[in-house]
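# Fold and contact review
Chain residues, written in single-letter form:
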Amino acid sequence: VIPGTLEYKFAKIQILDVPGVVEGAATGRGRGKEVLACAQSADLVIILLDVFSPQHFEVVKREIYETGLRLNQKSPHVRIGKKIRGGIDLGLTVKLTKINEETIKNILKEFRLENCSVVIREDITDDQLIDAIEGNKRYVPGLTVLNKIDMVDKEELERIKSIVNPDICISAEQKINTEDLKSLIFKKLEFMRVYCKEIGKKADMGVPLIMRKGNTLKDVCLKLHKDFISNFRFARIWGKSAKFQGMILRKLDQVLQDNDIVEIHLK
């Protein structure tokens, strides 16, 4: 594994370049378990494909799936509670089209869940039900990148794209679309920039805090200093999350947005 750092829009993103994944890697072939173990703690998985080997795509996807990673998926909305007795109670809030109730109960019994309460809130498949029962899967965003596009003609590229359906096509050698790839990584990681402002001064627009989508004022305070929470009085906000510029907020649960400016007042 070769580590590196991508610096983009003031974010420092650690990149781990792992050896190529071979068929059977998830079961240990070619030290595949060690290779795929790196992805278990990743915030984003990039599948980098050679334009001359589109057939490798399905192999890599399958090995990633077998190792317990679910790319570009959300954890299924299934709640399972064990009971002492009473059999299986099944509650559905949606119509199921990919699996029937009998199959659900059979799968539950295979996992020795013969007395349980199950609530399903989305149209799931049998694989998603098994994932919910096992509860050991990681749901991670992913990108499919097709490299070396400068080495094939336009017609051949379109044919390969129809097979792989990549998120972006690049040439690392010729630096074609590499800046767009950086932007896509930044976006897929759901990063956002929050600028700090001292009282009575202009905002420091040179070096933002790198936060994640959904972060709140509390998250900003924690990133700046642990004592900011206990000493917090109020904050003034400029940007998309404010109803009007310079709005005063006294609660820490305010969700921030990209390019917001925050001025924190302490006791």
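All values derive from a computational prediction rather than experimental measurement.

### A closer look at the overall build of the protein chain
On a plain count of helices and strands, the protein chain comes out with eight helices and 15 strands. Computed over the C-alpha atoms, the radius of gyration of the protein chain is 24 Å, more than 25% above the 18 Å expected from 2.2 N^0.38 for a compact globule of 267 residues. Projected onto the principal axes, the alpha-carbon positions of the protein chain cover approximately 65 × 60 × 35 Å. Taken across its 267 residues, the protein chain has 38% of its residues classed as buried. Considering only contacts in the protein chain between residues 6 or more positions apart, those separated by 24 or more positions represent 61%. Of the accessible surface of the protein chain, which amounts to about 16500 Å², a share of 48% is contributed by carbon and sulfur atoms.

### Details of the sheet that holds strand β14 (residues 247-249)
Taken in spatial order, the five strands make up an open sheet running β12-β11-β15-β13-β14, and their pairing is mixed. Because the sheet does not close on itself, it has two edges, and the strands there are β12 (209-212) and β14. Neighbour to neighbour, the strand axes of the sheet diverge by 35° on average, direction disregarded. As paired strands, strand β13 (residues 232-238) and strand β15 (residues 260-266) are joined by six bridges and run antiparallel to one another. Counted as the bridge partner of F234 is H265 from β15. Contacts from helix α7 (residues 217-224) reach β11 (191-196), β12, β13, β14 and β15, with the element oriented near 135° to β12.

### Quick word on the environment of T178
Of note, T178 is situated in helix α6 (residues 178-188). According to the relative accessible area criterion, T178 is buried, its value standing at 19%. Spatially, the C-alpha atoms of T178 and S75 are 31 Å apart, while their sequence positions differ by 103 residues. Aside from chain neighbours lying at most four places away, what touches T178 is S171 and A172.

### Section: the sheet that holds strand β3 (residues 45-50)
Read across the open sheet, the three strands follow the order β3-β9-β10; overall the sheet is parallel. Two strands close off the open sheet at either side, each with one partner strand: β3 and β10 (168-169). Sheet analysis places strand β9 (residues 142-147) next to β10, joined by two bridges and oriented parallel. Bridge assignment links V145 to a residue of β10, and that residue is I168. In the packing of helix α2 (residues 56-66) onto the sheet, contacts are made with β3 and β9, and the angle to β3 comes to roughly 155°. Against the sheet, α6 engages β3, β9 and β10, with an angle of about 170° to β9.

### Description of the pattern of salt bridges
One pass over the full model with this rule turns up 13 salt bridges. What you see here is one network of salt bridges that share partners, running through R70, D131, E134 and K137.

Calculation notes
- Residues numbered from 1 in each chain as written.
- Predicted model: local features only at pLDDT ≥ 70, side-chain atom pairs only at ≥ 80, totals over all residues.
- Heavy atoms only, no water.
- Helix = DSSP H or I, 4+ residues; strand = E, 2+ residues; numbered from the N terminus.
- Rg over C-alpha atoms; globule rule 2.2 N^0.38 Å.
- Buried < 20%, exposed > 50% of the residue type's maximum accessible area, 1.4 Å probe, protein only.
- Contact = heavy atoms within 4.5 Å.
- Areas by Shrake-Rupley, 256 points an atom, 1.4 Å probe, with all protein chains shown as cover.
- Pairing = 2+ DSSP bridges.
- Axes fitted to C-alpha atoms, helices over the stretch in contact; angles between N-to-C directions.
- Salt bridge = Lys/Arg side-chain N within 4 Å of Asp/Glu carboxyl O.

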